[in-house]
Amino acid sequence: MRDLDLALKHVPLRAPAPLFERPQPPKGVFTSQRGFMRALGLLAVLLVAVLPFMDASRYTMSIATSALIYVMLCMGLNVVVGYAGLLDLGYIAFFAVGAYVSGIFTTVLGWPMWAALIATIIACITAGIIIGAPTLRLRSDYLAIVTLGFGEIIRITANNLKITGGPSGIHGIPSWSFGPWSFDDGFSLLGIDFPERVVFYYFVALVVIVVGVIGAGRLAKGRLGRAWKAVRDDEDAAEAMGINTYIAKISAYIIGAVWAGMAGQLMATHLSAISPNSFQFLYSALILMAVVLGGMGSTPGVIIGALFVSLAPELLRDFAEWRYLIFGVLLVVVMLFRPSGLWPATAVLPWLRRSRPTPPAFTEATAVPASIMESVDGTPTTDAHEGDRA
Amino acid sequence: MMQLIWNGLIVGSFYALVALGYSMVYGIIKLLNFAHGDIYMLGAFVGFFTLSAFGISNETSIPLLLVVLLLSMVTTGLIGVGIERIAYRPLRRSPRLAVLITAIGVSFTLEYGVRQIFGPNPEAFPIRLESSGFDVLGMRVTASQIVLVVIAAVLMLVLAHIVERTRQGRAMRAIALDPTGAQLMGVNVDRVIAMVFFIGSALAGAAGVMAGAYYGSIDFLMGFIIGLKAFTAAVIGGIGNLYGAMLGGVLLGMLESFGSAWFGGEWRDVFAFGFLILFLTLKPTGLLGARVVERM
Amino acid sequence: MSALLEVRDLRLQFGGVTAVDGLSFEVREGEILAVIGPNGAGKTSAFNCISGFYLPTAGAVVFDGKAIVRAVPELWRRLGLVNLLQSFGLYRVLPSRVTKWGMARTFQNLRLFRELSVLENVTTAMHANLREGFWATLLHTPGYRRAEAACVREARGWLDFVGFEDDEQLYVTQLPYGEQRRVEIARALATSPKLLLLDEPAAGLNFNEKQALMRLIRKIRGLGVAVVLIEHDMGLVMELAERIVVLNYGKEIADGAPEVVKRDPAVIEAYLGVDESEDA
Ligand SMILES: Nc1ncnc2c1ncn2[C@@H]1O[C@H](COP(=O)(O)OP(=O)(O)OP(=O)(O)O)[C@@H](O)[C@H]1O
Ligand SMILES: [Mg+2]
């Protein structure tokens, strides 16, 4: 029991030992969900990594890198909305904070990029606390609208201030450099020339996403992730289980903020120019759509959603014109008929399904009675009275 | 000084009309109807569409404005009811997140639906109220402004009468307090909620037409900012409280008017949303809202 | 024996309604206490005050020597800042803190985490007791692995203890009602409480399930955990409880051993009175 003492804080009550040992779950690629998803992930990473060797044109790379940054943003929002159930409608604001902080610190103050990255992280934590601290103790809907307002505040401020370059934004943001060599210089490998710095950002984005996917997956399975999901499912019950829901929510919110800020910095250095127009509410809404369409709380779903929302207008030109209308309608339709999205977080591979069907993430029947028609404390009381007289 | 107050009052009456719908819907089904600002936009476009269909432009007649106003109110009211029926009612027992997201979807659908129909560029509203004004108490007042404020005041009085004095109003208040209880007492909850959506949307539609006539130009995104502002107004007054929404609207209008004068017009929205955050930090129940303990 | 929980003159008002009106009782270590009373008597409201969810209008709650209701300085009261301060967690003890001190509860209407598996529901409840840092989780350090393994083992121990025999990987919504009740109790136990508050644990259970529940509650008491239960099933209460507190309209009308309470005229009146008006 020494292990237990190390793992658990002082507890007055210990569980009796389990009555029987559970069999080890299978680990194979086709016999376990985890193994399969890992293999799938590895395959996807390989495919993405091979792309520049086939088509390294500036146009392709630029679109692909933007799509990856999009994926990154959606993964961050997924922590906030999907895991912790906090509706953030101004997520792009943290992206803006990251982009502007790194832009200003490197161009106006001439800091190196790594120092700007630290400044970005600090700025995003601060912004997350300023917005989150007062609103996260209120009903969840307030957060939605306050973050919406915050997004507008950031955009308008960037538009009005001199230091942010006003409506035209900031230009000439330097690339990452390591000693004398910077991303701008390029190099050749295997006879293929990589002159464009976008290629580097493509790989950087890919690496960051892989780290993010692994990290988010680990967090989601650990103590903090369970707390987030508990808060999402039922805040009162979570509080009753010893989870400080305020801290759980604010930690998810700040992690999301920092992640978006890092994505912002990546974008600022990748495009080397930023302007307030890239940070409109529209983009916050698009990120949210990607997360919802893909499946809240589901990493593969969110990645697919992000790729769809960011690449569809590029691939289907006719679609571009209509996309916002279609996204709007899709959002309503998905919430009405498939609220857990394209690839639900609770999805189980078809050949691994247990005898009982997996429930959808939430349907009318499984929903926590929260808003209207809240059962006035308990439905089964009538039953209890039957027993009373018996 | 007086001028600032007067300007604030006019903008504030628009805010108040939109905030009322926000607040009523929130009060009764605890839903933040993000699409509410877009109903305001729809109101303006319904007016625009009808007038254009009759080939009217550059009109200044007030009776015509009233006719269009009424027509828009009925149309937007029905649209509001339709939205509730299609998008919100099926989700009434779902988690809040699902409904909020649906509301955003509705908002997007309305905005970009209008964009597809009328195009992305601003349109000139066919009715322009004349801007010949006169000076009272050191402020410049135009006849059209007075008309707008009077219309807004009349609409709010009618609403107050409905909620306070009629059977339907009593049913609304009952549902807001205790939906299950109200249903048990024989209130037709669905019908009353539909009615709230009708009234709220009609008020927003009216505000849209009035804004069209006042500012002269309308576009498909005009509802976005005002939706946010109206929410701010509703929070300042105490969300769920009708008089709070009116008070909050007028107060926010004035605050903005003074804020723009002091800090410059470009900071007006920042100032307003700053107030929202401040209010939620210090007094989330608003000026007139009562503190309720949420049932567990 | 010393009192584990002490409730003194507890009052709770919602606007005009007084849900709890001057309730006082105490719970000793390791005893089974039942709180009964007609519908709307204020039993659940009292639980909510004791576990820190509602802030009572007046009165004191002391658990294990620690005050759960905090005094607010008169100055803040005068300035009208009480609600603001309390909403930021000042001058109040959050329910999560109360749970850490060793008081666990269940809810009248089942409130399991619907998108978590049975096992995760129980491991989630070990949140406060688990040594598992942010970076350790990200890096999967040996400490983290050890903590997770221990946590899962404990959770399985509790599931076995409450007699849950189904598949632990199922989502709770896939379980029958009685099993969900069991999981809820396992989840409450996983917070390792000294005092367990059960709000109508037998509601909706059939005869056999009720028998099993009674055995389970005795087993829990056997671990040294005190149990307070709200219950409408008189048979169960009379058999199980060592002491009974009776509430009516928020007021305490009796407190004593089952045989005594059963014969108390005030109690009989309260129950018969309610039955009449209910059937009407
Ligand atoms: N959050 C709240 N706001 C307003 N009134 C409330 C609230 N919670 C409870 N009440 C009221 O307080 C009174 C006591 O309710 P409570 O739920 O404590 O009763 P109970 O004894 O648990 O009844 P039951 O046996 O039905 O569970 C009731 O009149 C109820 O309507
Ligand atoms: Mg109860």
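Residues numbered from 1 in each chain as written. Chains lettered and ligands numbered in written order. Predicted model: local features only at pLDDT ≥ 70, side-chain atom pairs only at ≥ 80, totals over all residues. Heavy atoms only, no water.

An unreviewed UniProt entry lists chain B under the name Branched-chain amino acid ABC transporter permease, with Agromyces fucosus given as the organism. Quoted verbatim from the Sequence similarities (unreviewed entry) field of the UniProt record, the comment on chain B reads "Belongs to the binding-protein-dependent transport system permease family. LivHM subfamily." (UniProt positions renumbered as here; feature names shortened; annotations may be inferred.)

*Asks:* How do you make sense of the overall build of chain B when you look at a structure like this?
*Replies:* A count of helices and strands for chain B gives eleven helices and four strands. Taken over the C-alpha trace, chain B has a radius of gyration of 19 Å; the compact-globule value for 296 residues is 19 Å, and the two agree within 12%. Burial analysis of chain B (296 residues in total) assigns 58% to the buried set. Sequence separation of at least 24 residues holds for 79% of the intrachain contacts in chain B that already meet a minimum separation of 6. About 11700 Å² of surface is accessible on chain B, with carbon and sulfur atoms providing 66% of the total. One way to put it: in chain B the 19 positive side-chain charges average out to a point 13 Å from where the 15 negative ones average out. (Helix = DSSP H or I, 4+ residues; strand = E, 2+ residues; numbered from the N terminus. Rg over C-alpha atoms; globule rule 2.2 N^0.38 Å. Buried < 20%, exposed > 50% of the residue type's maximum accessible area, 1.4 Å probe, protein only. Contact = heavy atoms within 4.5 Å. Areas by Shrake-Rupley, 256 points an atom, 1.4 Å probe, with all protein chains shown as cover. Lys, Arg positive; Asp, Glu negative; His and termini not counted. Charge placed at Lys NZ, Arg CZ, Asp CG, Glu CD.)

*Asks:* When you look at the coordination of the magnesium ion (ligand 2) in this model, what are you seeing that I'm missing?
*Replies:* Under ideal tetrahedral coordination, the four donors around a metal are separated by 109.5 degrees; under ideal octahedral coordination, the six donors are separated by 90 or 180 degrees. Residues and elements named next belong to chain C. Around the magnesium ion (ligand 2), the protein contributes the donor atoms Thr-44 (OG1) and Gln-108 (OE1), at 1.8 to 2.2 Å from the metal centre. Taken together, the positions of Thr-44 in helix α1 (residues 43-50) and Gln-108 in the loop between β6 (103-105) and α5 (118-124) put the pair 64 residues apart, joining distant regions of the chain. With respect to class, Thr-44 is no different from Gln-108; both count as buried. (Donors = N, O, S within 2.8 Å, 3.2 Å for Na, K, Ca; no water.)

*Asks:* Is there a simple way to think about the pattern of salt bridges in this case?
*Replies:* Pairs may arise between side chains of opposite charge once their charged atoms sit close together. The final tally for this structure, using the stated rule, is 27 salt bridges over all chains. For B:Arg92, the salt bridge is made with B:Glu84, and the minimal N-O distance between the two is 2.8 Å. There is no split in this pair, since B:Arg92 and B:Glu84 are both buried. We note a salt bridge from C:Arg181 to C:Glu184, for which the minimum N-O separation is 3.9 Å. Highlighted residues: C:Arg181 and C:Glu184, both in helix α8 (residues 177-189), separated by three residues, approximately one helical turn. (Salt bridge = Lys/Arg side-chain N within 4 Å of Asp/Glu carboxyl O.)

*Asks:* How should the packing of aromatic side chains be read in this particular structure?
*Replies:* Remark: the centre distance and the inter-plane angle together describe each pair of aromatic rings, the angle taken between the planes. Under the criterion given, the structure shown has 32 aromatic pairs over all chains. Consider the rings of A:Tyr202 and A:Phe203, whose centres lie 5.6 Å apart with planes at 80 degrees: the pair is edge-to-face. Exposure remark for A:Tyr202: the relative accessible area of 2% places this residue in the buried category. By relative accessible area, A:Phe203 is classed as partly exposed at 27%. Seen from their ring centres, B:Phe14 and B:Tyr214 are 5.9 Å apart, and the 70 degrees between their planes marks the pair as edge-to-face. Placement of B:Phe14 in helix α1 (residues 2-29) and of B:Tyr214 in helix α8 (residues 189-215) is noted, with a sequence separation of 200 residues between them. An aromatic cluster is defined as three or more aromatic residues linked by ring pairs; in this entry it consists of A:Tyr91, A:Phe94, A:Phe150 and A:Tyr253. Here the guanidinium or amino end of A:Lys229 rests over the ring plane of A:Tyr83, the centre of that ring lying 5.7 Å away. The residue whose ring lies beneath C:Lys219 is C:Phe161, and the NZ or CZ to ring-centre distance is 4.6 Å. (Phe/Tyr/Trp six-rings, centres within 6.5 Å; stacked < 30°, edge-to-face > 60°. Lys NZ or Arg CZ within 6 Å of the ring centre and 35° of its normal.)

*Asks:* What exactly am I supposed to notice about the UniProt feature "transmembrane region" (unreviewed entry) in chain B here?
*Replies:* Residues and elements named next belong to chain B. Taking the UniProt record as the reference, the feature "transmembrane region" (unreviewed entry) is found at residues 6-27, 39-56, 62-83, 95-114, 143-163, 192-214 and 270-293. A distance of 23 Å separates the end C-alpha atoms of residues 39-56, which is 83% helix and 0% strand. The span residues 192-214 is 100% helical and 0% strand by assignment, and the distance between its end C-alpha atoms comes to 33 Å.

*Asks:* What am I meant to see in the interface of chain C and chain B here?
*Replies:* Where interface size is quoted, it is often the accessible area lost as the parts come together. In this assembly, ten residues from chain C lie in contact with seven residues from chain B. For the pair chain C and chain B, the two sides together bury roughly 680 Å², of which 68% comes from carbon and sulfur. Linking chain C to chain B there are zero salt bridges. Linking chain C with chain B are zero residue pairs in polar contact (both at pLDDT 80 or more). Looking at side-chain class alone, the side of chain C that touches chain B contains six nonpolar, two polar and two charged residues. (Buried area = accessible area lost by both parts, 1.4 Å probe. Polar contact = N/O pair within 3.5 Å; in protein donor to acceptor, adjacent residues only side chain to side chain. Nonpolar A, V, L, I, M, F, W, Y, C, P; charged D, E, K, R; others polar.)

*Asks:* Quick question: what am I supposed to make of the site of ligand 1 here?
*Replies:* Residue and element names in this part refer to chain C. Near ligand 1 you find 18 residues, and of these Asn-39, Gly-40, Lys-43, Thr-44 and Ser-45 are the closest. For ligand 1, an oxygen atom lies 2.9 Å from a polar atom in the backbone of Gly-42. In this structure, Lys-43 approaches ligand 1 through a main-chain N or O atom, which is 2.8 Å from an oxygen atom. For ligand 1, whose unbound accessible area comes to 640 Å², protein coverage reaches 81%. The greatest single-element share of the shell around ligand 1, amounting to three residues, is contributed by α1. In terms of residue class, the shell around ligand 1 is built from five nonpolar, eight polar and five charged. (Near = heavy atom within 4 Å.)

*Asks:* In this structure, what is going on with helix α6 (residues 167-177) of chain B? I would like to understand it.
*Replies:* An α-helix turns once per 3.6 residues; consequently, residues spaced three or four apart project the same way. Residues and elements named next belong to chain B. Looking only at α6, the buried set comprises Gly-169, Ala-171, Met-172 and Ile-175. Along the axis of α6, the buried residues cluster in a sector spanning 160 degrees; they form a single face. Turned more than 90 degrees away from the buried face of α6, the exposed residues are Arg-167, Arg-170 and Leu-177. For α6, the elements touching its buried residues are α1, α5 (143-165), α7 (179-184) and α8. (Arc of directions from axis to C-beta.)

*Asks:* Can you walk me through the packing of helix α3 (residues 58-83) of chain A against helix α10 (residues 245-271) of chain A in this structure?
*Replies:* The geometry of a pair of packed helices is captured by two quantities: the angle between their axes and the separation between those axes. All names here are of chain A. Between α3 and α10, the shortest axis-to-axis distance is 7 Å and the interhelical angle comes to 170 degrees. Accordingly, the angle class assigned to the pair α3 and α10 is roughly antiparallel. Contacts between α3 and α10 involve Ser-62, Thr-65, Ser-66, Ile-69, Met-72, Leu-73, Met-75, Gly-76, Val-79 and Val-80 on the former and, on the latter, Ala-252, Tyr-253, Gly-256, Trp-259, Ala-260, Met-262, Ala-263, Leu-266, Met-267 and His-270. Each residue belonging to the contact of α3 with α10 can be placed in one class, and the counts come to 14 nonpolar, six polar and no charged. (Axes fitted to C-alpha atoms, helices over the stretch in contact; angles between N-to-C directions. Parallel < 35°, antiparallel > 145°, perpendicular 65-115°, else oblique.)

*Asks:* Quick question: what am I supposed to make of the domain arrangement of chain C here?
*Replies:* Residue and element names in this part refer to chain C. Annotation of chain C at the domain level lists domain 1 (1-102 + 193-280) and domain 2 (111-192). Distance between the C-alpha centres of domain 1 and domain 2: 26 Å. Opposite the 19 residues of domain 1 that make contact, domain 2 presents twelve residues. Contact between domain 1 and domain 2 buries roughly 1200 Å² in total, counting both sides, with carbon and sulfur atoms accounting for 76%. On the domain 1 side of the contact with domain 2, Pro-193, Leu-216 and Leu-223 bury the most area, a combined 34% of that side's loss. Run the count over domain 1 and domain 2 and you get zero salt bridges. The interface formed by domain 1 and domain 2 contains two residue pairs in polar contact (both at pLDDT 80 or more). (Domains from an automatic or database assignment.)

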